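# Inside the fold
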Amino acid sequence: MKKRPGLMLIIPVLTILVVIVGALVVFLKGDSFRATSTDPLWDEVISGSGLTIIGTVLYSNGNEFILDVVRQDAPTLRAPSLYRVGDDTRIWQKNKWQKLNKAPEVGTVLLMHVPFTQEPTGIFIDHNYEFVKGSIEFFDKSKVVIAKEAYNLDAAYVENRAKGRETGAFAVLYVTDGEVESIEIWPREIANIANLITESRKIWEEDGFIPTDIQITCHDGFEITGFEYPFKSCLNEARNLIYTLEGEFVASEMFLPFDEFEMQIEFRKTIYSSTWESKSLDELGLDESDLKIAGKDYYKETYFFAEDRPGYLFAKSWQESFYTVWKEVVRDDVDSSSEQSN
């Protein structure tokens, strides 16, 4: 009996297909396990230096969002609280970096890498937790109620417990398998942030100041600070607006333009740099009555000048009755450093 040529061809082809399908299944399962059991491949989005930041989104509008962080890290001694989704911003989803088109939602907890701009290159949302967010309807030692649902707090770490007793406070819960591991509580007035940013921009625009970087802090009230540049090694103008928790305007403040890298400030269109020398008034040949206020820098440190000492500024030292001496910078040096920074 003769064998059919077609049948002889089908058998090895089917065998090869079975082997290929089996290999794909094994590969995909292995790759899925590898991808879901490891951290995001940050090397794919990090280029150059920057900061790694963790925070909760307190404001989200279009491509802008605000994190609850005000960092004190070198080399800049500050990081902006307002970030923007840029052309290079990626988010880790489905085990790969994907283009992010809009800001993350309020209440989302992010881990992200930020170069020295306010546009992060990589954003990771930890999906090991379920993030529950909303206004507190009830709060005591053992439970919290949000959106009519009660959560047990016996095993949870509570941030700002005292504020939780205020009905209407904003809370973010980290929940795993129905159990709350931690809860962050913010004053209910946090909802005013969106309006405060809009109002602040209007005030600055009327003064001809257009900030590209905004920072928000909240204590007994809100302080909205606008910066001309984010993380740029050149003289940076900064202005501060103060509001009550209810959003009522209190005062405005203009800071001396400062350079966070070169430790320089500008006063009356003259640039000064710290000599790191600390001297008493006697050593300087000055009395307190000789000192007049030049202004404050972003760190709220006050600078003084003396009319008979052109070319110098003075700032109070940590030693009582001592002052740090700031000396005028030669204009040629300033111009060359400015060109390098740009």
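So, a few notes on the structure that sits alongside this text. Predicted, not measured: the structure shown is a model, and the values here were computed from it. (Residues numbered from 1 in each chain as written. Predicted model: local features only at pLDDT ≥ 70, side-chain atom pairs only at ≥ 80, totals over all residues. Heavy atoms only, no water.)

## What to know about unusual backbone geometry
Positive phi is not limited to glycine here, since Lys94 has a value of about 55°. Within the secondary structure, Lys94 sits in the loop between strand S4 (90-93) and strand S5 (96-99). Positive phi, normally seen in glycine, also occurs at Trp276, with a value near 65°. On the secondary structure map, Trp276 appears in strand S20 (residues 270-280). By relative accessible area, Trp276 is classed as exposed at 65%. (Helix = DSSP H or I, 4+ residues; strand = E, 2+ residues; numbered from the N terminus. Buried < 20%, exposed > 50% of the residue type's maximum accessible area, 1.4 Å probe, protein only.)

## Some details on the pairing of strand S24 (residues 322-328)
The sheet contact formed by S20 and S24 spans six bridges and is antiparallel. Bridge pairing in S24 places Tyr272 opposite Glu328. Judged from the five bridges that link them, strand S23 (residues 312-316) and S24 form a sheet pairing that is antiparallel. Opposite Leu313, over in S24, you have Trp326 as the bridge partner. Between S23 and the antiparallel strand that follows it, S24, lie five residues; Ser321 among them carries a positive phi value of about 70°. (Pairing = 2+ DSSP bridges.)

## Quick word on the pattern of salt bridges
Counted under the stated rule, the structure contains nine salt bridges. Between Glu189 and Arg188 there is a salt bridge; the shortest N-O distance is 3.9 Å. One network of salt bridges, in which partners are shared, links Glu64, Arg84 and Arg201. (Salt bridge = Lys/Arg side-chain N within 4 Å of Asp/Glu carboxyl O.)

## With respect to the packing of aromatic side chains
Throughout the structure, instances matching the rule amount to 17 aromatic pairs. Each member of the aromatic cluster is reached from another via a ring pair, and the members are Phe227, Phe255, Phe258, Tyr298 and Tyr299. (Phe/Tyr/Trp six-rings, centres within 6.5 Å; stacked < 30°, edge-to-face > 60°.)

## Some words on a negative patch on the surface
Judged by side-chain charge, Asp282, Glu283, Asp287 and Glu288 come together as a negatively charged surface patch. By secondary structure assignment, the location of Glu283 is in helix H3 (residues 281-284). (Patch = residues over 30% accessible without salt bridge, like charges linked within 9 Å, V, L, I, M, F, W, Y side chains within 5 Å. Areas by Shrake-Rupley, 256 points an atom, 1.4 Å probe, with all protein chains shown as cover. Lys, Arg positive; Asp, Glu negative; His and termini not counted. Charge placed at Lys NZ, Arg CZ, Asp CG, Glu CD.)

## Digging into the sheet that holds strand S14 (residues 213-218)
Ordered in space as S14-S15-S16-S17, the four strands form an open sheet in which the pairing is antiparallel. The sheet is open, and its two edges are formed by S14 and strand S17 (249-254), each paired on a single side. Between one strand and the next, the sheet's axes are offset by a mean angle of 15°, whatever the strand orientation. Two strands pair when backbone bridges link them, and strand S16 (residues 238-244) and S17 are joined in this way by five bridges, in the antiparallel orientation. Among the inter-strand pairings, Leu241 is bridged to a residue of S17, identified as Ser252. Together, S14, strand S15 (221-227), S16 and S17 form the strand contacts of helix H2 (residues 193-206), whose direction differs from that of S16 by roughly 135°. (Axes fitted to C-alpha atoms, helices over the stretch in contact; angles between N-to-C directions. Contact = heavy atoms within 4.5 Å.)

## With respect to the sheet that holds strand S13 (residues 179-186)
If you trace the six strands from one edge of the open sheet to the other, you get S10-S9-S8-S12-S13-S11, paired in mixed fashion. Looking at which strands have only one partner, the edges of the open sheet turn out to be strand S10 (149-152) and strand S11 (157-159). Strand after strand, the sheet turns through a mean of 35° between neighbouring axes, direction not considered. Pairing of S11 with S13, which is carried by three bridges, proceeds in the parallel orientation. Note that in S13 the partner of Tyr157 across the bridge is Ser182.

## A closer look at H2
Side chains that are three or four residues apart share a direction in an α-helix, a result of its 3.6 residues per turn. With 14 residues, H2 extends 20 Å between its outermost C-alpha atoms, agreeing within 8% with the 20 Å of an ideal straight helix rising 1.5 Å per residue. Of all the positions in H2, only Ile193, Leu196, Ile197, Ser200, Ile203 and Trp204 are classed as buried. Projected onto a plane normal to the axis of H2, the buried residues spread over an arc of 130° and lie on a single side. Of the residues in H2, the exposed ones pointing more than 90 degrees away from the buried face are Asn195, Glu205 and Glu206. (Expected span 1.5 Å × (residues − 1). Arc of directions from axis to C-beta.)

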